[in-house]
Amino acid sequence: MEIDPLADALPPRYAIESDDEDEYNPLTTQRADQVPIVNIKIELEGQFTAGCPLVIASGPAGEFWAHSANLGEQQGAIFVNNIQVGSFFNPSSTRAVILVSEATTTLPLWSMNKYVNDILDRLQPSAISILDVYSIQSYISSELLPVHEAPVRYLSIRNISLDPFQKFTPPNILQSTSAAFMSAMNIRTLSLLRHNAVVLLLPSPEIPRTAPSKLSSSRPSGDQAWSTEMMVEVDEKLFGAVNTKRSGAWALRSTPAGSAFGLSKKRQNLAEVGEGSMYI
C-alpha cells in the first residue's frame, strides 16, 4: 500500500476494524458540532460611556488589587454560559471603567476570544490597561533573580517605558485572557492608531496553571500577596498607562461589610510584611 507522507489523514488501521459499530475507535476525531457554544451576556447599570479607558484587573492579581482599590458598588456583570466571569465598576474617582475579570473562575481557551471581543465591542475603549501575573519559575531571562527581587514586568503594543518596571520579553509568552485582550486591541490599532494596550504583570512564584477544558463557577484559591509599596506603584501606572488618574492612593485595608472581594487573614498578613519586597 502506498502512503502519501503529506496526507492530512492517518493511513487505514485495519487492526481496529470491527463489525460492531459501537466499539470504541481511537482514531475517531471530534465532530464540529461538539465544539462548545459560547453565550456571552453583558449587564450594565448606570451610565457607561463608550470610548472611555478600560482598566482590567484579572485573576489573583486583580482580586488582590480590587480588594483595596475602593471601587464602590458593582455596576454590571458579564456572564459566559450563565456563569459570572467579570464585574464592572464605574467609580467616581476616575473616568476609566473598571473590569474585575476571572476573580472567581478561569476561562477555557475556547471561550476567551468571544469574551474579549464582546467586551471591546460593547465598551469600545480608547485604551486598555490590564493587571495580571507572570510565573517567576517559568520566566526565561539571562539575569537570575531571587524570588523577593523579581520585578513587575509589562508588555505594550506601543513602544513605551514604564520605569522602574521591566519589559516582558521573548521568548516568554502570555497564554491567559490578558493575551487575548492584547491581541484583539492590536488588531484594532490597525484601523484606529489612537488605541493602546498595556499589561502589567506581578511576579508570582507559582507555576502557571493550564486553562481548564470546562468553565466552572469556582477557581483554585491561593494565598498570593504583594507588598503595599509595589501595589501603590502598580496602581499609579495602571491608570497612567491609559492617560488617566484616579483620586486616592491604593492602600491595603481589611474587608468591609458587603465587599465583593475579600482577602484571607493570611494574605493580609503577607502583604503587610516587609518594605517593598514580595512575600508569598
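Note that the structure is predicted; figures quoted are calculated from it, not measured.

What counts and what doesn't
- Residues numbered from 1 in each chain as written.
- Predicted model: local features only at pLDDT ≥ 70, side-chain atom pairs only at ≥ 80, totals over all residues.
- Heavy atoms only, no water.
- Helix = DSSP H or I, 4+ residues; strand = E, 2+ residues; numbered from the N terminus.
- Polar contact = N/O pair within 3.5 Å; in protein donor to acceptor, adjacent residues only side chain to side chain.
- Core = buried A, V, L, I, M, F, W, Y, C linked by side-chain atoms within 4.5 Å.
- Buried < 20%, exposed > 50% of the residue type's maximum accessible area, 1.4 Å probe, protein only.
- Contact = heavy atoms within 4.5 Å.
- 1 Å grid on protein atoms, 1.4 Å probe; cavity = no way out; pocket = protein on both sides within 12 Å on 5 of 7 lines; lining within 4 Å.
- Points joined across faces, edges and corners; volume = space filled by probe spheres on them.
- Salt bridge = Lys/Arg side-chain N within 4 Å of Asp/Glu carboxyl O.
- Pairing = 2+ DSSP bridges.

A. Up close: the side chain of Thr105. Mapped onto the fold, Thr105 is located in the loop between strand S5 (97-101) and helix H2 (109-123). Among the polar contacts listed, one links the side chain of Thr105 to the backbone oxygen of Ser216, at a separation of 2.4 Å.

B. Region of interest: the nonpolar core. In terms of nonpolar packing, the biggest core is built from 37 residues, with Leu99, Tyr115, Ile119, Ile128 and Phe181 touching the most fellow members. Element by element, the count of residues in this core is highest for H2, at 6 residues. Here Phe181 is in contact with Ile56, Leu99, Tyr115, Val116, Ile119, Leu120, Ile128 and Ile130, once residues within four sequence places are set aside. Core analysis: the next-biggest nonpolar cluster, separate from the first, contains 32 residues, Trp65, Ala103, Phe165 and Val198 among them.

C. Local environment of the layout of surface pockets. Volume-wise, the largest pocket comes out at about 960 Å³. Contributing to the lining of the largest pocket are 38 residues, with Gln175, Ser176, Pro208, Arg209 and Thr210 lying nearest its centre. Listing elements by their share of the lining of the largest pocket, those giving two or more residues are helix H1 (59-67), H2 and strand S6 (128-135). With 4 residues, the top contributor of residues to the lining of the largest pocket is S6.

D. How the structure looks around the pattern of salt bridges. Counting across every chain of the model gives 4 salt bridges. Among the salt bridges present, the one from Lys41 reaches Glu43, with a minimum N-O distance of 3.0 Å. Its relative accessible area of 35% is what places Glu43 among the partly exposed residues. With its nearest N and O atoms 3.5 Å apart, the salt bridge here joins Lys114 to Asp118. Of the two residues, Lys114 and Asp118 are both situated in helix H2; the distance of 4 residues between them amounts to about one turn of the helix. By relative accessible area, Lys114 is classed as partly exposed at 35%. The partly exposed category is assigned to Asp118, whose relative accessible area is 22%.

E. How the structure looks around the pairing of strand S9 (residues 197-204). By the criterion of burial, S9 is predominantly enclosed, with 8 of the 8 residues buried. Side-chain alternation along S9 places Ala197, Val199, Leu201 and Pro203 on one buried face and Val198, Leu200, Leu202 and Ser204 on a second face that is also buried. The pairing of S6 with S9 spans 8 bridges and is parallel. Looking across to S9, one finds that Ile128 is bridged to Ala197.

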